[in-house]
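Structure assessment
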Amino acid sequence: MSFKPLSPQKSDIQYHLASRKKDKIRSDIIVGTGDNKVIINDENLTIIAGPCSLESRDDSVALAKTLKICGANIFRGMIFKPRSSPYSFQGVGKTGIETIKAIKSEVDIPIVSEARNESEADVIAENCDLLQIGTRNMTNYQLLEYIGRLNIPILLKRGMGSTIEEWLCAAEYILNQGNQRVILCERGIRTFETATRFTLDIAAIPLVKELSHLPVIIDPSHASGKRSLVPPLSIAGVGAGANGIMIEVHNKPESAFSDAQQTVSVETFSELVKLAKIVSKTIKFQ
Ligand code: PEP
Ligand code: MN
């Protein structure tokens, strides 16, 4: 009996466009325009901050002004909220567009906002600078393909039950429709541990940077579910090479409309930004 060797194995990578190519060049992703545009790459630490969900116009404008002074360079202007319970606050909806417009004209800071479906994606693409796909929609492949044809950068959160490969394949769905501006966000995964809301997968940060040319940021707020854990996890993520952090902040954290228990005060945010910047300047990974 003769043994016939297999023909040379083709690469089994399922995410060709998202993978880090031989030249190892990383993508810079630009969010916003003009003087306040943000370049998300290894040279800058991007700070995204704001409430879990947008509230009144005046409070939102005031908070955006304060957070910009404290070092935020992208504001969370979430108007459509994907909530685990149908009885929880679902966001202010389309009425929040006026608030987003007011923040853009009065504060001049790029805004990220989430879309749960195609029509919301059109609204966000028209009025905001960065479109978020939340953890619950990471495997909504038709939505990923749709936003892959829009002209707005995408913040793609990792599915709470998804592997790193599945996350990179989700990015591939967007990239292969033409939209090359994808930023990945590690926001915690489901494990056996229930003491924290999710488990922040720190190893995912350096690993994804090895596997992909796309920038990666972390969201320690949703990962931990607990405000006291947000500063240490932010520092851990930046120390592991994250290109940015996304933090839920409120002027009165206890009375935030949603996710109050994981929302930090402006003072805490300001301190953690200072520390995160020191860590980011000190530690540089290739
Ligand atoms: C959010 O950032 O507003 C959010 C809902 O996050 P996640 O999709 O990670 O739960
Ligand atoms: Mn939240």
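Overview of the structure. (Residues numbered from 1 in each chain as written. Chains lettered and ligands numbered in written order. Predicted model: local features only at pLDDT ≥ 70, side-chain atom pairs only at ≥ 80, totals over all residues. Heavy atoms only, no water.)

**Quick word on the site of ligand 1**
Heads up, the rule is: Consider each residue's heavy atoms; a residue with any of them within 4 Å of a molecule or strand counts as near. Nitrogen and oxygen atoms within 3.5 Å of one another constitute a polar contact, given that in protein one can donate a hydrogen and the other can accept it, and given that sequence-neighbouring residues count only through two side-chain atoms. Under the scheme applied, nonpolar residues are Ala, Val, Leu, Ile, Met, Phe, Trp, Tyr, Cys and Pro; charged residues are Asp, Glu, Lys and Arg; polar residues are all the others, including Gly.
Contacts to ligand 1 come from R76, K81, E114, Q132, G134, T135, R136, K157, R187, H222 and M246. In the model, an oxygen atom of ligand 1 is placed 2.6 Å from a nitrogen or oxygen of the R187 side chain. Of the residues contributing to the shell around ligand 1, the split by class is 1 nonpolar, 4 polar and 6 charged.

**Digging into helix α3 (residues 118–127)**
Stated precisely, the cut-off is as follows: Burial classes: relative accessible area under 20% of the type maximum marks a residue as buried, over 50% as exposed, and values in between as partly exposed (1.4 Å probe, protein chains only). Per the convention used, a helix needs a DSSP run of H or I reaching at least four residues, while a strand needs a run of E reaching at least two, with both numbered from the N terminus. The directions from the helix axis to the C-beta atoms are what the arc is built from. Should any heavy atoms of two residues lie within 4.5 Å, those residues are considered in contact.
Inspection of α3 places E120, A121, V123, I124 and N127 among the buried residues, and these make up the whole buried set. Relative to the axis of α3, the buried residues are bounded by an arc of 160 degrees and lie together on one face. Along α3, the residues that are exposed and aim more than 90 degrees away from the buried face are S119 and E126. Packed against the buried residues of α3 are α2 (97–106), β5 (111–114), β6 (130–133) and α4 (141–147).

**As for the coordination of the manganese ion (ligand 2)**
The cut-off we apply is this: Think of the donor list as every N, O and S atom within 2.8 Å of the metal, or within 3.2 Å for Na, K and Ca; water never makes the list, so a site can look incomplete.
Donor atoms from the polypeptide that coordinate the manganese ion (ligand 2) comprise C52 (SG), H222 (NE2), E248 (OE) and D259 (OD), at 2.0 to 2.3 Å from the metal. Taken in sequence order, the residues that donate to the manganese ion (ligand 2) follow the motif C-x169-H-x25-E-x10-D. Here E248 is found in strand β10 (residues 244–248), whereas its partner D259 is found in the loop between β10 and α9 (266–282), with 11 residues between them in sequence. In this structure, E248 and D259 share a single accessibility class: buried.

**Here we look at the packing of helix α1 (residues 57–69) against α2**
To be explicit about the condition: Axis definition: a line fitted to C-alpha atoms, over the contacting stretch in the case of helices. Angles run 0 to 180 degrees between N-to-C directions. Rotating anticlockwise by less than a right angle from the far helix to the near helix defines a left-handed crossing, while the corresponding clockwise rotation defines a right-handed one.
At a minimum axis distance of 9 Å, the contact between α1 and α2 shows a crossing angle of 35 degrees. Regarding α1 and α2, the two cross each other, and that crossing is right-handed. Facing R57, S60, V61, A64 and K65 of α1, the residues of α2 in contact are T99, A102, I103 and E106. For the contact of α1 with α2, the residue count by class is 4 nonpolar, 2 polar and 3 charged.

**A closer look at the pairing of strand β3 (residues 46–50)**
What counts here: When DSSP locates at least two bridges between a pair of strands, those strands are taken to pair. The crossover handedness rule: strands pointing away from the viewer, path from first strand over the helix to second strand clockwise, crossover right-handed.
Summarising burial for β3: 5 of the 5 residues are buried, a large majority. A two-sided burial pattern is seen for β3, the buried positions comprising T46, I48 and G50 on one face and I47 and A49 on the other. In this sheet, β10 lies alongside β3 in parallel orientation, the contact comprising 5 bridges. What sits directly across from A49, in β10, is I247. Looking at chain direction, β3 and strand β4 (residues 74–76) are connected through 2 bridges and run parallel. Paired with A49 across the two strands is F75, which belongs to β4. In this fold, the crossover linking β3 to β4 by way of α1 has right-handed handedness.

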